[in-house]
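A closer look at the structure
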Amino acid sequence: MTQLSSRPGISRELMAVRAARELRPGMYVNLGIGLPTLVSNFIEPGIILQSENGMLGYGPLAEGPERDPDLINAGGQYVTMLPGACFFQSADSFAMIRGGHIDVCILGGLQVSEKGDLANWIVPERGIGSIGGAMDLVTGAKRVIVLMEHRDRQGRPKILKECTYPLTGRRVVSLVITDLAVIDVTPDGMVLREVAPGWTPEEVQAVTEPRLIVPPDCQEMNF
Amino acid sequence: MTQLSSRPGISRELMAVRAARELRPGMYVNLGIGLPTLVSNFIEPGIILQSENGMLGYGPLAEGPERDPDLINAGGQYVTMLPGACFFQSADSFAMIRGGHIDVCILGGLQVSEKGDLANWIVPERGIGSIGGAMDLVTGAKRVIVLMEHRDRQGRPKILKECTYPLTGRRVVSLVITDLAVIDVTPDGMVLREVAPGWTPEEVQAVTEPRLIVPPDCQEMNF
Amino acid sequence: MPPQIFPTAFDALFDVFDGAVILVGGFGHVGHPHNLVRALRDRGVKNLTIVANNIGLGDSLDLLAETGQIKKFIGSFPVRASRERMTHFERLYREGLAEVEITPQGTMVERIRAAGAGIAAFYTPVGVGTIVETGKEKRVFNGREYILETALPGDFALIKAYKADKLGNLTYRRTARNFNPIMATAARVTIAEVEEVVEPGELDPEAVVTPGIYVDRLVICPRDYHDPAIFQTWD
Amino acid sequence: MPPQIFPTAFDALFDVFDGAVILVGGFGHVGHPHNLVRALRDRGVKNLTIVANNIGLGDSLDLLAETGQIKKFIGSFPVRASRERMTHFERLYREGLAEVEITPQGTMVERIRAAGAGIAAFYTPVGVGTIVETGKEKRVFNGREYILETALPGDFALIKAYKADKLGNLTYRRTARNFNPIMATAARVTIAEVEEVVEPGELDPEAVVTPGIYVDRLVICPRDYHDPAIFQTWD
């Protein structure tokens, strides 16, 4: 167990690649702050990215002279704009989010529960945290994917029977992608769809608190 | 009384001129459908007209080739745009109105009560009427002026102790300008500020249902 | 998905069904999707609930009243001021064949906005002390009375824009903007008739009013002016 | 009234008072009225309630925390993710000298919009099942739970726009638009710092985002980039 708690999974880049495979051309997608922003480097053409600070249609991160000080994503990173991009103010942006117009939102996570609860905005020991647009996104997006490390820095599971941290949303997560596994949140429980190369379903279970359902077609992640 | 019920007051144009005198440069003003739209022909430069169909800064009515089929006021009349005009959608337009940003609204009226109730959207005998933006305007505008004939077509008073028609708004009218008089609605009652040329306060009272307060400085309308 | 471009307005309405709730843009004839509305008539669907600012006079939405396709109208101008020019819709109403839900114009568009924005209901001061408050919850905030109004979504939104790009971003011209951008946000399927479709990047990104995310179908239609009637929309 | 143009940001804040509620635009440094915020610090007013998306890090709104002028912060990002870079504001908060009202970002801007639009309160699904619902009324519409949130007006709004005309119409650049247009609608006095003031008619009337009716004061300020920090706004 001690060994499993620290044995490496796939890289952050591969996690992003795997998450990008959930997206299809024509989808409207919001990528949360942190790890999810990496996903924008791996998406197919025709996926349209929304940023809650008021933009639809941003492109890859901007470098050097193409950086425009008025053109950032919600993570505060300079981005480029693709042809057909447009801008809107924040109330319109969150009307778009809350109103159910975003197909997929990929967010980071601190904890995910068996039922799909998400905690990702505050570490209780600190006593104060920042919600940002996360609660709006988990409430409004048609599908919420959490992209996070499987274990915290101390090697403890982040996928739990119940979240112990204050929630961002209750029963909102559809899919969890980690450095060790791809896990579906279903009405029957958590289903282990894929495991990282070099990991068995039993090993993933060992660093996951709730019981995972392992279907016959559980496979190794491919990218 | 029969004579007074039919003796003419000032013309519609002079009514509009008198109403225009309530407006000052820098005011944001909405003019209702019907008689109030006439006021736009007589206003000073610097008064900014809002139209609830989504425009700020329209000018005089458009004639002939300057008519743009996409440029109308809320009365369905072709208008011109002044430099610095801008356009917005209807939810933004009514946010502007409901939110208390319009200084003055001038509306037509079917009946006004002593307390400032206004009825101007339905004649009960007809059984159906059109509210349009009138309820929004009387609720949101800082000052509501009613510009209407003093008597109906049968010569009966339109200024009443209580409105008998369904209301547009309760206690919303500040000032009533008619072809016979200018009347302030105050917490103490209706105050007769001005009478039309050729009319005495007593004669105006005779075609007005509630008791009018006639202050010493009640004067003849001037234009 | 970026919008599908249909060859005709009739084609664009392929799945409109009996009993649908349809949001229709326009203030009088200005910004009104005349082509889509005629196609709606030609589709022959019945028992429609139409949400719009106003009915025409023998034209625009009144076409659907002439054929008896409207079951209910929700809007601010169900009838004209003048009784002499009675609409088909008013006749339908008087014969008990159509219902009317009359609403202040700003309340109507705010209810539609709420539907598109995921807001279930809101408290507005408009209509307090009038028949508009009948049957609705009232509540006092900071000493002032408000009415609870609920979201008003549609199955379809038929709107008129000026230009579209292929991603569905829309611009409007002058006061033809009116209800169209909000209605575009509040229906399961939004169909826009536009005068021109351009490539992505050809519209000024600062002047796009309706982001493409809201637009499901486009149809390119000639402009339909109805000049003579505009002037007398309300008479 | 069309806006008055002030020579300096300091002058434009002549009547800001202790205890005022101040709405401040910007998402990170982008679209943030840096000049007005520095002037607010220089005015020395105290016990301010600041409504904004985020606090800076030693700069922007954190300047007001450094001087102890903030009594309360209402926003979505009161602290940075990284504990290593503690803001003056977080220190103030930990010492019990400032309060925080944390709010989902979309709820914050919708509450400000409501204040500007004459809506007293609205039911939103955001925050259900979280600490955000604590102490708030909950209600079910169509089988789903919603929270009642109330309007959030300001005494002053400090905003940053790109260009203004002399009637106060404002345009923005790209994502610098963010909270500014809504905040402009919701304060008794709205003060905009802009890069340029042009004659009426020089802005595209289809691309004006804030109609002049919302703008009380203008001050022309040099652009204030804060380049290096933008990238790490949240760390």
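Nothing here was measured: the structure is a model prediction, and the numbers come from that model. (Residues numbered from 1 in each chain as written. Chains lettered and ligands numbered in written order. Predicted model: local features only at pLDDT ≥ 70, side-chain atom pairs only at ≥ 80, totals over all residues. Heavy atoms only, no water.)

1. A word on the overall build of chain A
A count of helices and strands for chain A gives five helices and 14 strands. Here the C-alpha radius of gyration of chain A, 17 Å, is about what a compact globule of 223 residues would show, namely 17 Å. Structurally, chain A occupies a C-alpha span of about 50 × 35 × 30 Å along its principal axes. Residues counted as buried form 65% of the 223 residues belonging to chain A. By sequence separation, contacts in chain A at least 24 residues apart represent 62% of the contacts at least 6 residues apart. (Helix = DSSP H or I, 4+ residues; strand = E, 2+ residues; numbered from the N terminus. Rg over C-alpha atoms; globule rule 2.2 N^0.38 Å. Buried < 20%, exposed > 50% of the residue type's maximum accessible area, 1.4 Å probe, protein only. Contact = heavy atoms within 4.5 Å.)

2. Comments concerning the overall build of chain C
When helices and strands are counted, chain C shows seven helices and 14 strands. Its C-alpha atoms give chain C a radius of gyration of 18 Å, within 12% of the compact-globule value 18 Å for 235 residues. If you line up chain C on its principal axes, its C-alpha atoms span 50 × 45 × 35 Å. A buried classification covers 63% of the 235 residues belonging to chain C. Relative to all contacts within chain C whose residues are 6 or more apart in sequence, the contacts with residues 24 or more apart total 73%. Carbon and sulfur atoms provide 49% of the accessible area of chain C, an area that totals close to 8,000 Å². Of the charged side chains in chain C, 26 are positive and 30 negative; the average position of the first set lies 3 Å away from that of the second. (Areas by Shrake-Rupley, 256 points an atom, 1.4 Å probe, with all protein chains shown as cover. Lys, Arg positive; Asp, Glu negative; His and termini not counted. Charge placed at Lys NZ, Arg CZ, Asp CG, Glu CD.)

3. Description of the interface of chain D and chain A
Often the size quoted for an interface is simply the accessible area lost on bringing the parts together. If you look at the interface, chain D gives 48 residues, while chain A gives 43 residues. Roughly 3,900 Å² of surface becomes buried between chain D and chain A when both sides are summed, with 60% attributable to carbon and sulfur atoms. Taken together, chain D and chain A are joined by six salt bridges. Across the salt bridge formed by Arg223(D) and Asp70(A), the nearest N and O atoms sit 2.3 Å from each other. Our count for the contact surface shared by chain D and chain A stands at 21 residue pairs in polar contact (both at pLDDT 80 or more). Going through the elements one at a time, α4 (88-94), β5 (99-102), α5 (105-117), α6 (180-185) and α7 (227-230) of chain D are the ones with two or more residues in the side of chain D that touches chain A. Counting residues per element, the side of chain D that touches chain A draws most heavily on α5(D), which supplies six residues. (Buried area = accessible area lost by both parts, 1.4 Å probe. Salt bridge = Lys/Arg side-chain N within 4 Å of Asp/Glu carboxyl O. Polar contact = N/O pair within 3.5 Å; in protein donor to acceptor, adjacent residues only side chain to side chain.)

4. Here's the deal with the domain arrangement of chain C
Split by domain assignment, chain C resolves into domain 1 (4-103 + 152-221) and domain 2 (118-151). A straight line from the C-alpha centre of domain 1 of chain C to that of domain 2 of chain C covers 27 Å. (Domains from an automatic or database assignment.)

5. Things to note about the pairing of strand β8 (residues 144-150) of chain C
Residue and element names in this part refer to chain C. As judged from the four bridges shared by strand β6 (residues 121-124) and β8, these two strands associate in the antiparallel manner. Residue pairing in the sheet places Phe122 in a bridge with Glu149 of β8. Bridge analysis of strand β7 (residues 138-141) against β8 gives four bridges, and the strand direction is antiparallel. Bridging from a neighbouring strand, Arg139 pairs with Tyr146 of β8. (Pairing = 2+ DSSP bridges.)

6. What to know about the interface of chain A and chain C
Counting from both sides, the interface comprises 20 residues of chain A and, opposite them, 20 residues of chain C. Both sides together, the interface formed by chain A and chain C hides about 1,500 Å², and carbon and sulfur atoms give 62% of it. Taken together, the links from chain A to chain C amount to six residue pairs in polar contact (both at pLDDT 80 or more). Of all elements in the fold, only β4 (79-87) and α3 (90-98) of chain A reach the threshold of two or more residues within the side of chain A that touches chain C.

7. Considering the sheet that holds strand β9 (residues 154-160) of chain D
Residue and element names in this part refer to chain D. Pairing within the open sheet is parallel, and its eight strands lie in the order β1-β14-β12-β9-β2-β3-β4-β5. Edge strands, defined here as strands with exactly one partner in the open sheet, are β1 (4-6) and β5. Between one strand axis and the next, the sheet turns through 20° on average, direction left out of account. The pairing of strand β3 (residues 48-51) with strand β4 (residues 70-75) spans four bridges and is parallel. Across the sheet, the residue bridging to Leu48 is Ile70, located in β4. Relative to the sheet, helix α2 (residues 34-43) contacts β2 (21-24), β3, β9, β12 (187-194) and β14 (217-220), its axis offset from that of β12 by approximately 120°. (Axes fitted to C-alpha atoms, helices over the stretch in contact; angles between N-to-C directions.)

8. Comments concerning empty space enclosed by the protein
Taken as a whole, this structure holds 10 cavities of 30 Å³ or more when the rule is applied. Together, 42 residues line the largest cavity, and Gln89(A), Asp92(A), Gln89(B), Asp92(B) and Val209(C) are the ones closest to its centre. Residue classes in the lining of the largest cavity are distributed as 26 nonpolar, eight polar and eight charged. (1 Å grid on protein atoms, 1.4 Å probe; cavity = no way out; pocket = protein on both sides within 12 Å on 5 of 7 lines; lining within 4 Å. Points joined across faces, edges and corners; volume = space filled by probe spheres on them. Nonpolar A, V, L, I, M, F, W, Y, C, P; charged D, E, K, R; others polar.)

9. Quick look at the pattern of salt bridges
Residues and elements named next belong to chain C. One pass over the full model with this rule turns up 62 salt bridges over all chains. Here Asp42 and Arg41 are joined by a salt bridge, their closest N and O atoms 3.1 Å apart. Of the residues examined, Asp42 reaches a relative accessible area of 47% and is grouped as partly exposed.

10. Let's talk about the side chain of Glu52(A)
Within the secondary structure, Glu52(A) is located in the loop between β2 (48-51) and β3 (55-61). Of the side chains with opposite charge, Arg98(A) comes closest to the buried, unpaired Glu52(A), at an N-O distance of 13 Å. A distance of 3.1 Å separates a polar atom in the side chain of Glu52(A) from a polar atom in the side chain of Asn30(A). Sequence-distant contacts of Glu52(A), defined by excluding residues within four places in its chain, comprise Asn30(A), Ala74(A), Ser93(A), Phe94(A), Ile97(A), Gly133(A), Leu137(A) and Gln105(D).

11. Description of helix α2 (residues 34-43) of chain C
When α2(C) is considered as a whole, its buried residues turn out to be His34(C), Asn35(C), Leu36(C), Val37(C), Ala39(C) and Leu40(C). Following α2(C) by one or two positions, Gly44(C) adopts a phi angle in the positive range, close to 75°.

12. With respect to the confidence of the model for chain C
Residues and elements named next belong to chain C. The pLDDT averaged across chain C works out to 94; a share of 95% of its residues lies at or above 70. pLDDT under 50 marks residues 228-235. Its contacts with residues more than four places away, or in other chains, come to 35 contacts. The complex model carries a pTM of 0.97, and its ipTM stands at 0.97. (pLDDT = per-residue confidence, 0-100.)

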